[in-house]
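Secondary and tertiary structure notes
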Amino acid sequence: MDTSKAGPGTRRPGAAGDVWLRPSARTGGDTPPLSRDRIVQEAVALLDAEGADRLTMRRLAERLGTGSTTLYWHVKTKDDVLDLALDVIFAEVGIPDEDGRGWRAGVTALINGWRAVLLRHPWSAALLGRPMLGPNVLARSEYLYATLLDAGLTEPHLTAAAYGLSNYVIGSALMQATWMTNADQEVRRAAREHMHANRERYPALAAHGPLVEESDSDTGFALGLAWLLDGIQAGITGAGEVRRD
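All values reported here derive from a predicted model rather than from experimental measurement. (Residues numbered from 1 in each chain as written. Predicted model: local features only at pLDDT ≥ 70, side-chain atom pairs only at ≥ 80, totals over all residues. Heavy atoms only, no water.)

On to the overall build of the protein chain, then. For the protein chain, the count of helices and strands is 10 helices and 0 strands. When burial is assessed residue by residue, the protein chain has 37% of its 245 residues classed as buried. Looking at the protein chain alone, contacts between residues at least 24 apart form 73% of all its contacts between residues at least 6 apart. For the protein chain, the accessible surface area stands at approximately 13600 Å², while carbon and sulfur atoms represent 55% of it. (Helix = DSSP H or I, 4+ residues; strand = E, 2+ residues; numbered from the N terminus. Buried < 20%, exposed > 50% of the residue type's maximum accessible area, 1.4 Å probe, protein only. Contact = heavy atoms within 4.5 Å. Areas by Shrake-Rupley, 256 points an atom, 1.4 Å probe, with all protein chains shown as cover.)

In structure tokens, the structure reads:
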């Protein structure tokens, strides 16, 4: 679960990720009776129902029964709202307990939990290129890195492994949330007919490609994750660095 690195360079005010880098909104007796938590909860509901393209500060204020001016007491921009919404859904990803089952079991549980959250909130995977500096994201990223370190990974293999796992779960969830979920039956039928008509040019895809038939996405994801973990295991075992569980 990788996070973007925030550097000291010049940043556009109100840019993605800035909500984590500026002081919290002021509080006091003159603060309107609207909490940031309530704003984020309603934003997640809107995002789940309609997607990120439909989120605007005006529509969010309307759903909250308030004016945009009141909303700006707590969040400065739409980017703030998206950053906060992404972090709050990551609280749904369980951090595995230290149960003695070993690093692979822990990483598998984390990645499967992450995938489940991305699929439960299908707008989220496409936004994970943003700076991810919220406490919920960082806690789970810390677990992933610490677990891989404990298994015996060192740089540059540590970052490569974390990136590989992160990119796998994000890419898988993004594809499933868009094509596999939203494409209607007519589009899928047309895609299958196209592959069949061009089977001499694309024989492997015509016989086995993702457009041929509905696949068991859970099984496919589990197999791919196992292969990634096998590769990580082989790398650290081959280097004589693995710590056996």
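The subject of this paragraph is the packing of aromatic side chains. A full pass over the atoms with the stated rule returns 2 aromatic pairs. Seen in terms of ring centroids, Tyr168 and Phe221 are 4.8 Å apart; in terms of plane orientation they differ by 15°. Their pairing is stacked. Here the residue Tyr168 occupies a position in helix α7 (residues 157–182), and Phe221 occupies one in helix α10 (residues 217–238), the gap between them amounting to 53 residues. Assessed through its relative accessible area of 3%, Phe221 is described here as buried. Against the face of Phe221 rests Arg115, its NZ or CZ located 4.6 Å from the ring centre. (Phe/Tyr/Trp six-rings, centres within 6.5 Å; stacked < 30°, edge-to-face > 60°. Lys NZ or Arg CZ within 6 Å of the ring centre and 35° of its normal.)

Turning our attention to the side chain of Thr147. Mapped onto the elements, Thr147 comes out in helix α6 (residues 135–151). Overall, Thr147 belongs to the buried group, its relative accessible area being 10%. Leave out the neighbours within four places in its chain, and Thr147 touches Trp103 and Val107.

Taken as a whole and judged by the stated rule, the model has 10 salt bridges. A salt bridge links Arg59 to Glu50; the nearest nitrogen and oxygen atoms lie 3.0 Å apart. A relative accessible area of 23% places Arg59 in the partly exposed class. Arg130 is the salt-bridge partner of Asp79, the closest N and O atoms lying 2.8 Å from each other. Taken together, the positions of Asp79 in helix α4 (residues 78–90) and Arg130 in the loop between α5 (103–120) and α6 put the pair 51 residues apart, joining distant regions of the chain. A relative accessible area of 19% means that Asp79 is categorised as buried. Its relative accessible area of 12% is what places Arg130 among the buried residues. Each member of the salt-bridge network shares a partner with another, and the members are Glu50, Arg54 and Arg59. (Salt bridge = Lys/Arg side-chain N within 4 Å of Asp/Glu carboxyl O.)

What follows is about the nonpolar core. Core analysis: the biggest nonpolar cluster contains 54 residues, and Leu71, Trp114, Leu148 and Leu165 have the highest contact counts within it. Elements that contribute at least two residues to this core include exactly α1 (36–50), α2 (57–64), α4, α5, α6, α7 and α10. Each of domain 1 (36–89) and domain 2 (95–182 + 215–242) gives at least three residues to this core. Those residues within four positions of Leu148 in sequence are excluded, and the remaining contacts are Trp103, Val107, Leu153, Leu158, Ala161, Ala162 and Leu165. (Core = buried A, V, L, I, M, F, W, Y, C linked by side-chain atoms within 4.5 Å. Domains from an automatic or database assignment.)

Looking now at the packing of α4 against α6. One can describe the packing of α4 onto α6 by two numbers: an axis separation of 7 Å at closest approach and a directional angle of 50°. Here α4 lies oblique to α6, going by the angle between them. Every residue of α6 that contacts α4 at Asp87, Val88 and Phe90 is listed here: Pro135, Asn136, Val137 and Arg140. Of the residues in the contact of α4 with α6, the class split is 4 nonpolar, 1 polar and 2 charged. (Axes fitted to C-alpha atoms, helices over the stretch in contact; angles between N-to-C directions. Parallel < 35°, antiparallel > 145°, perpendicular 65-115°, else oblique. Nonpolar A, V, L, I, M, F, W, Y, C, P; charged D, E, K, R; others polar.)

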